[in-house]
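Coordinate analysis (summary)
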Amino acid sequence: VQGTGGCSAVSKCSAAARGYFQDRFLRLLAGRRRRRAPLIHRGYYIRARAVDHCVQDFLLKTQSLPRTQILSLGAGFDSLYFRLKDMGLLHHTVVYEVDFPNVACQKATLIKGMKELSALVGDTGGEGLGAITFSGEGYKLLGVDLSELSELERILEEAGLNNEIPTLFIAEVVLTYMENTRSDALIQWAAEHFPQACFLVYEQVHPEDPFGRVMQQHFSQLNTALHSLARYPDCEAQQRRFLGKGWTECSVMDMNEFFTCFIPEDEQQRVQTLEPFDEYEEWHLKCSHYFVLAASKGMEPSWTPLLPSVTVPHHAGPVGMAGSVPAAVCARLSGTPGLRRYGHHSVLIKPNVILTTGGFGEEDGQHCRVRNFHVLSKHAGYWEAVCVTQNIPDKRWGERLYHTVSCLSDTLALVVGGRTSPSSEGLGMLWLKFPKTCNASGPDDVAVELVSLQPAAEAAVLRWRHSTTEMTFKGEQYLFVYGGRSALEPVLGDWCFLHTPELSYTAIAVEGPVPESRHSHSACSWEGGVLIAGGLGAAEQPLGSVFFLRELEHGFQWQTIETHPPLVPRYSHTAHVHEGKLLLVGGVWFHASSVPGVTVIDLMTGLCLDYVINVEHLEWPLMLHNHSSIFLPNEKELLVIGGGGNCFSFGTHLNPEPVSLSLSSILISH
């Protein structure tokens, strides 16, 4: 547990160095310096913003009072005091920091050894007295175990903590490392002994969904188990916890809500453009698994830092589920490591034969961008898979993620777009040629050829997280490439029509209200046109709209499909159409109370029903984003291949084997 403070200081330091926030003191306290990944930077940015927002609100509300104090519990190597002092915000506030004795001693030594730090504190020479490792005028650093409450109380009194003045308690990922009886006692003690008090908490939530399980496993492996989660699994439980332990007001929200409500739009844009970034799913999942809580009692005026000035759609309400869909592992596919991947694409190249390409995953025992193709075929009711090695130069396939593959005949498929790194530009198109007999029992080579295009078409396909859909116009076959993103544009709203098979760029008139730009949406062929659903919009907010691009006499028309109840906004899902129903599979949404399962939209009536996926027969967390899925209409079976991602600092999770979802109970033929 003591090691977690050092790790978080290093991560905060790395985020500050990249310009996410200003803090010149972190590098002095963090010791070692390491550059972290953009996803980690964003995670520590939102944590720092949430804590700062609440602390500064407390200082602002109490600025007219003669004296206040802040008690930071498990402060580690945090720079809070130095930052606030440097900003001139601590005129009448004393800051007390408490941590394990050896952490407090290390920090005291650092402060004494650095002019930049010791000059701000003004050493009064009162340290070295037992547990008080450092004592300045407005700053006391105490070494004591938080779970020893009577000892903590004695040392705080000795250090001069005053129970009668307004006090802010801060616990930034601290309480959860303590046994629940001890953390509960601490929360109650603070309420009982301080008539005017505020309590700020930032920590984890939602242990039981797939991301939560990966998160818990990570902390258990570090031997820093998260104790709060079992008893207080969601924001509402944490709120009840504080209200039941003597606090009179308490508000709480997860980090997706905090980012939307409290980070101004221009600041959101600044952060989103600081470095190349393409891990939206993991960012939003990380944010839905951390909360900020502000509790108070006896404060005049009342302390409510989490009451948003603008009302945003609230995501906390549970999504009503109409039923469940059983998930089962595909028995004979479990030994195929190449199917453990995400950001790949799977396509049915003929009945019961699937080609899976690209993505990031496991190959030759290591995690990398996957070069090899896999062919899956069904024999006598069982799926089998085989790897098809690439006998072509690397750069031609490009080891791509977030591309599309469209099957144009029983020997030909077209790869459109995709990327290697999010900082490099999108990749061009490739032909995949395979023999008519291609299947898993004796796969022949898949030949890969570069497609040379007219410049207009070439520019149009340099994108990723887009969709490519087969459609017809005046009896002719076209591919409709829509949306996505590129190295320069974080979200695209344009489209192009490619006439097949020669792939000429064709101008066709489109009327009607243009859908807002999006990527990571779904697109399906239906009645000669295209159905677009969901996606991530311009402000990195999930979308809940469904559009139909309908064929008219002289071109196409965008039409909105109204759904009721309204479709819960989502992205990174897959979609299929069956007998007038649109099926959406998985994805990421902001409703933290559950994860998306299968949603069925009746395209005639607009009725929208959500079904939960029953995973009781799976022994591992099923992450349904960045996956691919194939629908087999005769069996009413959905085969989900791959999925997962890089789960913040908790490690990469790849769904270990393909999963079959049986939809027969929810797709009753009329």
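As recorded by an unreviewed UniProt entry, the chain carries the name tRNA wybutosine-synthesizing protein 4 and is attributed to Helopsaltes ochotensis. Turning to the chain, the UniProt record has this under Pathway (unreviewed entry): "tRNA modification; wybutosine-tRNA(Phe) biosynthesis."

A few words now on the overall build of the chain. On a plain count of helices and strands, the chain comes out with 16 helices and 38 strands. With the C-alpha coordinates of the chain rotated into their principal frame, the extents come out at 85 × 50 × 45 Å. Among the 670 residues that make up the chain, the fraction classed as buried is 59%. At a minimum sequence separation of 6, the contacts of the chain that also span at least 24 residues come to 66%. Summed over all atoms, the accessible surface of the chain reaches about 25700 Å², with 51% contributed by carbon and sulfur.

As a further point, take the packing of helix H3 (residues 38-61) against helix H14 (residues 280-288). For the pair H3 and H14, interaxial distance at closest approach is 10 Å and the crossing angle is 30 degrees. As judged from the angle between their axes, H3 and H14 are roughly parallel. As H3 runs across H14, the sense of the crossing is right-handed. Every residue of H14 that contacts H3 at Leu39, Arg42, Gly43 and Ile46 is listed here: Glu282, Trp283, Lys286 and Cys287. By residue class, the composition of the contact of H3 with H14 is 4 nonpolar, 1 polar and 3 charged.

Before going further, it helps to spend a moment on the sheet that holds strand E22 (residues 476-482). Pairing is antiparallel across the open sheet formed by 4 strands, whose spatial order is E21-E22-E23-E24. The open sheet has two edge strands with one neighbour each: strand E21 (467-473) and strand E24 (504-506). Averaged over all pairs of adjacent strands, the angle between strand axes in this sheet comes to 35 degrees, irrespective of strand direction. Both E21 and E22 contribute to a ladder of 7 bridges, which runs antiparallel. Across the sheet, Thr469 pairs through a bridge with Phe480, a residue of E22.

Axis separation between helix H12 (residues 255-262) and H14 bottoms out at 6 Å; the angle between their running directions is 100 degrees. In this view, H12 runs roughly perpendicular relative to H14, as classed from their interaxial angle. Contacts from Met255, Asn256 and Phe259 in H12 reach Trp283, His284, Cys287 and Ser288 in H14. Class assignment of the residues belonging to the contact of H12 with H14 gives a composition of 4 nonpolar, 3 polar and no charged.

A rise of 1.5 Å per residue sets the reference length of H3, with its 24 residues, at 34 Å; its end C-alpha atoms lie 34 Å apart and thus fit the reference within 8%. Within H3, 18 of the 24 residues are buried, which leaves the element mostly enclosed by the surrounding structure.

The next point concerns the nonpolar core. Residues Val55, Ile70, Phe82 and Phe258 are the most contacted members of the largest nonpolar core, which totals 80 residues. For this core, the element with the most residues is H3, which contributes 12 residues. Viewed by domain, this core spans two of them, domain 1 (2-297) and domain 2 (321-662), each represented by three or more residues. Excluding residues within four positions of it along the chain, Ile70 makes contact with Val55, Phe58, Leu59, Leu80, Leu84, Thr93, Val94, Val95, Tyr96, Leu168 and Ile170.

Next up on the list: the packing of aromatic side chains. What the rule picks out here adds up to 35 aromatic pairs. Measuring from ring centre to ring centre gives 5.2 Å for Phe480 and Phe497, while their planes differ by 50 degrees; the resulting arrangement is tilted. You can see Phe480 sitting in strand E22 and its partner Phe497 sitting in strand E23 (residues 495-499), a full 17 residues away along the chain. Note on accessibility: Phe480 and Phe497 belong to one class, buried. The positively charged end of Arg42 is found above the aromatic ring belonging to Trp283, 5.4 Å away from the centroid. Taking NZ or CZ as reference, Lys286 lies 5.0 Å from the ring centre of Phe648, over its face.

What follows concerns unusual backbone geometry. Cis geometry is found at the peptide bond from Glu300 to Pro301, where omega equals -10 degrees. Relative to the assigned elements, Pro301 resides in the loop between strand E8 (290-297) and strand E9 (321-329). Between Thr500 and the following residue, Pro501, the backbone shows a cis peptide bond with an omega angle of 10 degrees. Within the secondary structure, Pro501 is located in the loop between E23 and E24.

Take the sheet that holds strand E4 (residues 139-143) next. Reading across the sheet, the 8 strands line up as E3-E4-E2-E1-E5-E6-E8-E7 and stay open at both edges, with mixed pairing between neighbours. Looking along the sheet, the strands with just one partner apiece sit at the ends: strand E3 (132-135) and strand E7 (249-254). The average undirected angle you get between the axes of adjacent strands in this sheet is 15 degrees. Here strand E6 (residues 197-204) runs beside E8; their pairing, made up of 8 bridges, is antiparallel. When the bridges of E8 are listed, Phe199 appears paired with Ala295. Sheet contacts for H14: E6, E7 and E8; angle to E8, the most-contacted strand, approximately 25 degrees.

This part is about the pairing of strand E30 (residues 574-578). Within E30, 4 of the 5 residues are buried, leaving the element largely enclosed by the surrounding structure. Pairing between E30 and strand E31 (residues 581-585): 5 bridges, direction antiparallel. Following the sheet pairing, His578 is matched in E31 by Lys581. Linking two consecutive strands that pair antiparallel, namely E30 and E31, is a turn of 2 residues; a positive phi of about 45 degrees is found at Glu579 within it.

Cut-offs used in this document
Residues numbered from 1 in each chain as written. Predicted model: local features only at pLDDT ≥ 70, side-chain atom pairs only at ≥ 80, totals over all residues. Heavy atoms only, no water. UniProt positions renumbered as here; feature names shortened; annotations may be inferred. Helix = DSSP H or I, 4+ residues; strand = E, 2+ residues; numbered from the N terminus. Buried < 20%, exposed > 50% of the residue type's maximum accessible area, 1.4 Å probe, protein only. Contact = heavy atoms within 4.5 Å. Areas by Shrake-Rupley, 256 points an atom, 1.4 Å probe, with all protein chains shown as cover. Axes fitted to C-alpha atoms, helices over the stretch in contact; angles between N-to-C directions. Parallel < 35°, antiparallel > 145°, perpendicular 65-115°, else oblique. Left-handed = near helix turned anticlockwise from the far one by under 90°. Nonpolar A, V, L, I, M, F, W, Y, C, P; charged D, E, K, R; others polar. Pairing = 2+ DSSP bridges. Expected span 1.5 Å × (residues − 1). Core = buried A, V, L, I, M, F, W, Y, C linked by side-chain atoms within 4.5 Å. Domains from an automatic or database assignment. Phe/Tyr/Trp six-rings, centres within 6.5 Å; stacked < 30°, edge-to-face > 60°. Lys NZ or Arg CZ within 6 Å of the ring centre and 35° of its normal.

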